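Letter by letter, the chains look like this.
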Amino acid sequence: MSSMIDLINELWFLKRELVSDDFDKALHRLAEEVPMTIHEYPSGTPVWTWTVPEKWTCHEAYLETLAGERLIDYADHPLHVVSYSLPFEGEVSREELLEHLHAHPRLPDAIPFVFKYYQRDWGLCAPQTLLDSLTDDAYRVVIRTSFDPGTLKVGEVVIPGELEESIMLVAHLCHPAMVNDDLTGVVVGLDVARSLLEGPKPKYTYRFLILPETIGSVSYLSHNEDLIPKMIGGLFLEMLGNDAPLALQQSMQPDSQVDKTLSAVMPGVDANGFVGPYRTIISNDERQFNAPGVRVPMLSLSRVENPASPKSLFEPYPEYHSSADNPKIVTQERLESARSAVLAMLQAFERNQYIVNKFKGEVFASGQGIWIDYKVNPEGHRRLFEIMERCDGERTVADIAAELEIPFQAVWEIVAQFAEKDLVSFSSAPQPTSPRR
Ligand SMILES: [Zn+2]
């Protein structure tokens, strides 16, 4: 069994495009680590309003001076060619070349990640420093790419639970030669899946999907419409290995139980963690799950430098979408803490139920041995009573945490004590106990 960082070192430089041989290679390698079903959707298959794209291959590509000096070469780095670039061969003026040669807006020494999946055009990418050095009148461009019928692949790891209700975990694998975005989400999800498979049978069923961004989610969802009503929540994973605090983006339904639970777990897993509304931190496959006709509350977990800034959507960390997003910017320790955070969130969601009071009136706390002396611990004393008075069969653990703006764990500790004293029971549905409502 390979560690998360070993898998990153092994797979990061592959040319993982939407539908491509290297995507398949990476997915098959990951399938050696955990039991996985690989779903295949042939190019041209209609998937809701979309169509599965062709397989794209770049056989060779370079930019040369007319004297034959090679300036950039696809063989050196996969990001030198725009993903899904049309083939092109010929001599071009410097002006024409610059319309097709892309640089990173902020990192002058890095190659940018540019993709033109649906606006067909040819293109190359290079560091800004190279663009600045181009003084000849004309250059020679060679881009030998092909578009062939292929099959889009979606890897699915199922962890069967006692219930058919499922929690979706999703990560994309289609970013060539980059690490934090997107391989870290894949390996963290994989390690979470391995932990769940090793542990006792969970209450919910978990489905972890590894797919090409957007089109992979649409392909899977459109072919599994019968599963959608059973999807009670989800978490998209990406950008989890860099040195930044965790940022949890809520779903389109911030009042859902999954939103309330995961949000209330954050303070306990990262003291600097951030929770923000839908579409304010990052934008990925969670959109397809939250979209009309699906409406699964899917949150998203990442490490983002300034999650409160509107810039986070385009610049979540400095090396984003560039050749600088390489194994140097991620650590096993960061990956492990992200993995623990995800597991803590899932454990909390497994525990989250309606709390049904078996008691009436205020519990005689000292008689039950749960008294907290307000002179010693005034905060704990207040909490005990604030939580107790909300145990009424109408609120879940997460509802109480959200209402009191305290961590899930703080509520759970008290409620677990009540359960031990047989003062409360748990229910998956509300069971109001108040005669007058
Ligand atoms: Zn990306």
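Note: the structure precedes this text.
Here's what I pulled together on the structure shown here. (Residues numbered from 1 in each chain as written. Predicted model: local features only at pLDDT ≥ 70, side-chain atom pairs only at ≥ 80, totals over all residues. Heavy atoms only, no water.)

**Remarks on the environment of Asn9**
Just so we agree on the cut-off: Put simply, DSSP marks the helices as runs of H or I at least four residues long and the strands as runs of E at least two long, and each gets a number from the N terminus on. A 1.4 Å probe rolled over the protein chains alone gives each residue an accessible area, and that area as a share of the maximum for its type sets the label: buried under 20%, exposed over 50%, partly exposed in between.
Summarising the element assignment, Asn9 is placed in helix α1 (residues 4–11). Owing to a relative accessible area of 45%, Asn9 belongs among the partly exposed residues under this scheme. Between the C-alpha atoms of Asn9 and Asp182, which are 173 residues apart in sequence, the distance is 13 Å.

**A few points about the packing of aromatic side chains**
In plain terms, the rule: Any Phe, Tyr or Trp ring, taking Trp's six-membered ring, that has another such ring centre within 6.5 Å forms a pair; planes under 30 degrees apart are called stacked, those over 60 apart edge-to-face, and the others tilted. In this scheme, Lys NZ or Arg CZ marks a charge over a ring once it lies within 6 Å of the ring centre and within 35 degrees of the ring normal.
Going through the model one piece at a time under the given rule, you end up with 14 aromatic pairs. Chaining the aromatic ring pairs together yields one cluster made of Trp50, Trp56, Tyr84, Phe113, Phe115, Tyr117, Tyr118 and Phe147. The side chain of Arg70 reaches across the aromatic face of Tyr62, ending 3.5 Å from its centre. Positioned above the aromatic ring of Tyr374, the side-chain terminus of Lys375 is 5.7 Å from the ring centre.

**Here we look at the sheet that holds strand β4 (residues 55–65)**
We count it as follows: In this scheme, strands are said to pair when DSSP sees at least two bridges between them. Axes here mean lines fitted to C-alpha atoms, for a helix over just the part in contact, with angles spanning 0 to 180 degrees between N-to-C directions.
The sheet built from four strands is open, its strands ordered β5-β4-β9-β6 with antiparallel pairing. Of all the strands in the sheet, the pair left with one neighbour each is β5 (70–73) and β6 (88–93). Neighbour to neighbour, the strand axes of the sheet diverge by 15 degrees on average, direction disregarded. As judged from the ten bridges shared by β4 and strand β9 (residues 138–148), these two strands associate in the antiparallel manner. Bridging across to β9, Glu64 finds its partner in Arg140.

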